[in-house]
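Overview (structure and organization)
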Amino acid sequence: MALFVMFSRRFFCQKSLPIKTIGAAAAAAVRQANTRYRHHLIPRFSHLLHFQTSPFAFKIGSRMSSSPEGQDMMEVLACNSNQLADDLLSVGSNTAKRQKLVMDYLKVADRDGKSVAAEFPDGLDWFNVTEPLTLQGSLRGKIVVLDFFTYCCINCMHILPNLKRLEHIYPIEQGLAVIGVHSAKFKNEKDSNNIRAAVERYEISHPVVNDNVSAMWRKLRVQCWPTLMILGPRANPLFVIMGEGNFEDLKLYVGSAIRFYREKGDIQSHELPINLSCTATLATNMKFPGKVACSQPTTVGGNHGNDGAEQLFAVSDSGNHRILIIDASGAVLHKIGGKESGFVDGNFTKARFNAPQGVAFLGQDVVFVADNENHAIRRIDLKARQVSTIAGNGTQGNDRTGGKSGRDQVLSSPWDVAVYTTRDLDMSFHVDESSAPPSKHVLLIAMAGIHQIWAIFLEDTIWWKFKKYDAGACVAIAGSGHEQNRNTSYPHSAAFAQPSGLAINREAKEVYLADSESSAIRKILLSDGKVMAVAGGDRNPVDLFAFGDVDGKQYAAKFQHPLGVAYNPLDGCVYFADTYNHKVKKIDVTTNCATTCEFREANGSIRCFSEPAGLCLDRTGQLLFIADTNNHELLVANLSDCTIRPVKLNFCVPEELDSVKGMSLRAARPIQLHRGSAPSSVHLTFNLAFPERTTKLTEGAPQRWSLELPSTEWSSESTKGSIDAASDHSLNLLINAQLTSSTSPSGNGNEETARTIALNFKLNLCEGDVCFPKEFTVLLDVQYSAATDDGLPDTVQETYVVQLSRTKVALEQA
């Protein structure tokens, strides 16, 4: 088999490679090739290497051992590709010359290039397509970009926007097919359900295959994440690009290949069987919630006191690209941003985020947001109802030092934020605390994209080693930028591996961090920047494969890609989301011993999480709030009795008003209920009717509904489901409510009050040979009247008819 491979110049010349390798041996081979061939280059295209397939012998998730033959082959390929990169660099921005160089390369590559022997094995799970794809079948006649990725990898995430841009420039009918080949690092990532959730969470619209045994990885000799392999229309290999930040090269290679093979008549314009995966429920009105934070009372003298202010919680509703501000009961006080991504400052309706993650309060009225895919830090003023940007400009940066402020300072995938309060670290001493200078606020940032911890100094501040920073300065304070698990006394020589969660121990002046790719919990001393191990990971700083699910002390404990962390001063424990083990665990900070927490639901069963990513404690330290990401829920666990329950969100403004799609239908008369000592029940029946005889529910298409209840007083056995297109087209619901006088909003139970039940429908219909969707919400007002003392429950039955046609949606009340 003849393989012609090109690597980007960035891969060879950059000191810190933006890639993840299978193990230390591969990293060493890459470094060796970089050094050796920087000064020993073969003549351009003097020979294109021919070799026979001889796959490396290695396993995913362990160190790789490669054969000498395989290593030599990779070195020669690196040499050839580096020469081409030098040629492209030498012509600068001269587009004609750059295209000619690549076209000349393609002519030679096509002349001798044979099809790869590799093919997607049978039985693999595919996403976003209705049937498996094959290189020699459905993909023949396309320029195919194989994106070898694993969904934990931040560098792989950085590739996705570039692939979207490329697909927009060259759609499928013009000859480009992008295929995500998922080759897992973690055991959890081999599960198809988890991959499906990641595909939706990252809004991947091209086909993805779960290569859970890494067959294609081995056959095509892939060595690191991310790797892009570009194949010609015969599945003949053309280019390989390793690492991120290579969009211009990628666009040049793909565009040149499409033009080259179109002139030869080899490009085919057929479509692929695309069908986007969609699994996220709308019943909770959240989609992949990422992080949660509790408001802090006003600071006095640098310490947090209890000023009696109401507790607020900020939730990053990441999949809906917005921030929710709720109270402890679940009432949604503010919805900030929209369900469509964007990068816009302004009022709460106008503002837009892009997959926001970390949230942190400053006092009661300000929330900072790690706007992850906008590569920015945003500030929410709850009083002024305004969103502003305090760092980042919406594009990914590679600055590992910082020092600028506002939009002048570029960032890279900030994943979490935390507010630290400190006095100037200038060795000053004050006998009279009342005369001491005021405390300063420092916003700490887990910069996952470049494996560092950054800070924004919100006031002029004297920091470590008596260095002074002006207000607004945004700088790297810890981490070299190398992806490692290296602990040192010197913050800038330490190294992190995709830090994704922060929690501050104010008494000890420490910040704990979830270092996801080392599968460890670590800490930084905020007095001097010393970086120390807490639990998990491995003593070897370059071993990022020391993961598992083991309780124990320090390095004996094993976790799997933790993302969220919270410190509880009440019991001296760090609670963290052991995300890929689908668990919540805690570490006693005095012993560094980690144990698994078990929480039981109302029916006595142990709660099963699905990739939880965010945690926070309320001010009492008794309640732990958990963002259960892939279950699209916010939960609250009582640490005193280990019970857990969902936080049912109550949108004060009906949720459908926040959507650009659909319409609302309000019933003509309210449901009447009395408050009393006995629970009430409401039986609801919805019948779908079709005034046009040819209208019907589309067979085989999803017909979904979801239920929103007025408050936590209400419950139903099911809050989501489907309607069977072949049934009698009816939906029956039983809703229970405990409406006692003590729960009256007015406090006395004598005034009439109203709440609203909302039932969302997402239906697919057909009229003859025309099919169309219908999305609408039925709003049922509930009227609470004065309490009764007869001890008898209210039982109410209501029947509604929904008239559906292509031009009409109407609600009738029987």
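Bear in mind the structure is a predicted one, so any value in this text is a computation, not a measurement. (Residues numbered from 1 in each chain as written. Predicted model: local features only at pLDDT ≥ 70, side-chain atom pairs only at ≥ 80, totals over all residues. Heavy atoms only, no water.)

A look at the overall build of the chain
- When its secondary structure is counted, the chain shows 8 helices and 52 strands.
- In the chain, buried positions account for 58% of the 814 residues.
- For the chain, restricting intrachain contacts to residue pairs at least 6 apart in sequence, the fraction spanning at least 24 positions comes to 64%.
- Looking at the chain as shown, the accessible area adds up to about 32200 Å², and 49% of this sits on carbon and sulfur atoms. (Helix = DSSP H or I, 4+ residues; strand = E, 2+ residues; numbered from the N terminus. Buried < 20%, exposed > 50% of the residue type's maximum accessible area, 1.4 Å probe, protein only. Contact = heavy atoms within 4.5 Å. Areas by Shrake-Rupley, 256 points an atom, 1.4 Å probe, with all protein chains shown as cover.)

A closer look at helix α8 (residues 247-263)
- Compared with an ideal rise of 1.5 Å per residue, which puts 17 residues at 24 Å, α8 spans 24 Å between its outermost C-alpha atoms and is within 8% of the ideal.
- All of the buried residues along α8 are Phe 247, Asp 249, Leu 250, Leu 252, Tyr 253, Val 254, Gly 255, Ser 256, Ala 257, Ile 258, Phe 260 and Tyr 261. (Expected span 1.5 Å × (residues − 1).)

Comments concerning the pattern of salt bridges
- Per the counting criterion, the structure on display carries 26 salt bridges.
- The partner of Asp 317 in a salt bridge is Arg 322, and the shortest N-O contact between them spans 2.8 Å. For the pair Asp 317 and Arg 322, one class covers both residues: buried.
- Within the structure, one salt-bridge network assembled from shared partners comprises Asp 345, Asp 371, Arg 378 and Arg 407. (Salt bridge = Lys/Arg side-chain N within 4 Å of Asp/Glu carboxyl O.)

Some words on the sheet that holds strand β27 (residues 499-505)
- The sheet built from 4 strands is open, its strands ordered β27-β28-β29-β30 with antiparallel pairing. Of all the strands in the sheet, just β27 and β30 (531-536) have a single pairing partner and so form its edges. This sheet shows a mean twist of 25° between the axes of neighbouring strands, independent of strand direction.
- Strand direction decides the pairing type here: strand β29 (residues 520-525) and β30, joined by 5 bridges, are antiparallel. In the strand pairing of β30, Lys 523 is matched with Met 532. (Pairing = 2+ DSSP bridges. Axes fitted to C-alpha atoms, helices over the stretch in contact; angles between N-to-C directions.)

Describing the nonpolar core
- Phe 120 and Leu 146 are the most contacted members of the largest nonpolar core, which has 82 residues in total.
- Top element by residues in this core is α8. It accounts for 9 residues.
- Counting contributing residues, this core receives three or more from each of domain 1 (73-264) and domain 2 (289-299 + 309-427 + 437-651).
- The residues contacting Phe 120, other than those within four sequence positions of it, are Trp 126, Leu 133, Thr 134, Leu 135, Leu 139, Leu 146, Ile 179, Val 181, Val 209 and Met 216. (Core = buried A, V, L, I, M, F, W, Y, C linked by side-chain atoms within 4.5 Å. Domains from an automatic or database assignment.)

Re the confidence of the model for the chain
- Across the chain, the average pLDDT comes to 84, with 81% of residues at 70 or higher.
- Confidence drops under pLDDT 50 across residues 742-752; counting only partners more than four residues distant or on other chains, this segment forms 18 contacts. (pLDDT = per-residue confidence, 0-100.)

Structural notes on the environment of Gly 552
- Tracing the chain through its elements places Gly 552 in strand β31 (residues 552-553).
- As for Gly 552 and Ile 587, which are separated by 35 residues in sequence, their C-alpha atoms are 9.3 Å apart.
- Those residues in contact with Gly 552 that lie beyond four places of it in its chain are Ala 557, Asn 592, Cys 593 and Ala 594.

Observations regarding the packing of aromatic side chains
- Across all of its chains, the model carries 18 aromatic pairs by this definition.
- Between Tyr 420 and Trp 463, the ring centres sit 6.5 Å apart and the planes meet at 75°, which makes this aromatic pair edge-to-face. Taken together, the positions of Tyr 420 in strand β21 (residues 414-422) and Trp 463 in the loop between β24 (461-462) and β25 (468-469) put the pair 43 residues apart, joining distant regions of the chain.
- By relative accessible area, which is 4% here, Tyr 420 ends up buried.
- Through pairs of rings, three or more aromatic residues link up here, namely Tyr 420, Phe 457, Trp 463, Trp 464 and Tyr 469.
- Its end group placed over the ring of Phe 545, Lys 185 keeps NZ or CZ at 4.9 Å from the ring centre.
- In this structure, Arg 201 is placed above the aromatic ring of Tyr 202, and the distance from its NZ or CZ to the ring centre is 5.2 Å. (Phe/Tyr/Trp six-rings, centres within 6.5 Å; stacked < 30°, edge-to-face > 60°. Lys NZ or Arg CZ within 6 Å of the ring centre and 35° of its normal.)

Examining the pairing of strand β14 (residues 331-337)
- With 6 of 7 residues buried, β14 lies mostly within the body of the structure.
- Alignment of strand β13 (residues 322-327) against β14, held across 5 bridges, turns out to be antiparallel. Bridging from a neighbouring strand, Ile 326 pairs with Val 332 of β14.
- Once β13 ends, the chain turns through 3 residues before running back antiparallel as β14, passing Gly 330 with a positive phi of about 105°.

Description of the packing of helix α5 (residues 154-169) against α8
- Close contact between α5 and α8 brings their axes to 10 Å; oriented N to C, the two are set at 30°. As far as their axial angle goes, α8 and α5 are roughly parallel. The interaxial crossing formed by α5 with α8 has right-handed handedness. Between α5 and α8, the residues in contact are Asn 162, Leu 163, Arg 165, Leu 166 and Ile 169 and Phe 247, Leu 250, Lys 251 and Val 254, respectively.
- Its residues assigned to classes, the contact of α5 with α8 shows 6 nonpolar, 1 polar and 2 charged. (Parallel < 35°, antiparallel > 145°, perpendicular 65-115°, else oblique. Left-handed = near helix turned anticlockwise from the far one by under 90°. Nonpolar A, V, L, I, M, F, W, Y, C, P; charged D, E, K, R; others polar.)

Points about the side chain of Asn 630
- Tracing the chain through its elements places Asn 630 in the loop between β37 (623-628) and β38 (633-638).
- Within the structure, Asn 630 has its side chain in polar contact with the side chain of Arg 201 (distance 2.8 Å).
- A polar contact is formed between the side chain of Asn 630 and the side chain of Glu 611, at a distance of 3.5 Å. (Polar contact = N/O pair within 3.5 Å; in protein donor to acceptor, adjacent residues only side chain to side chain.)

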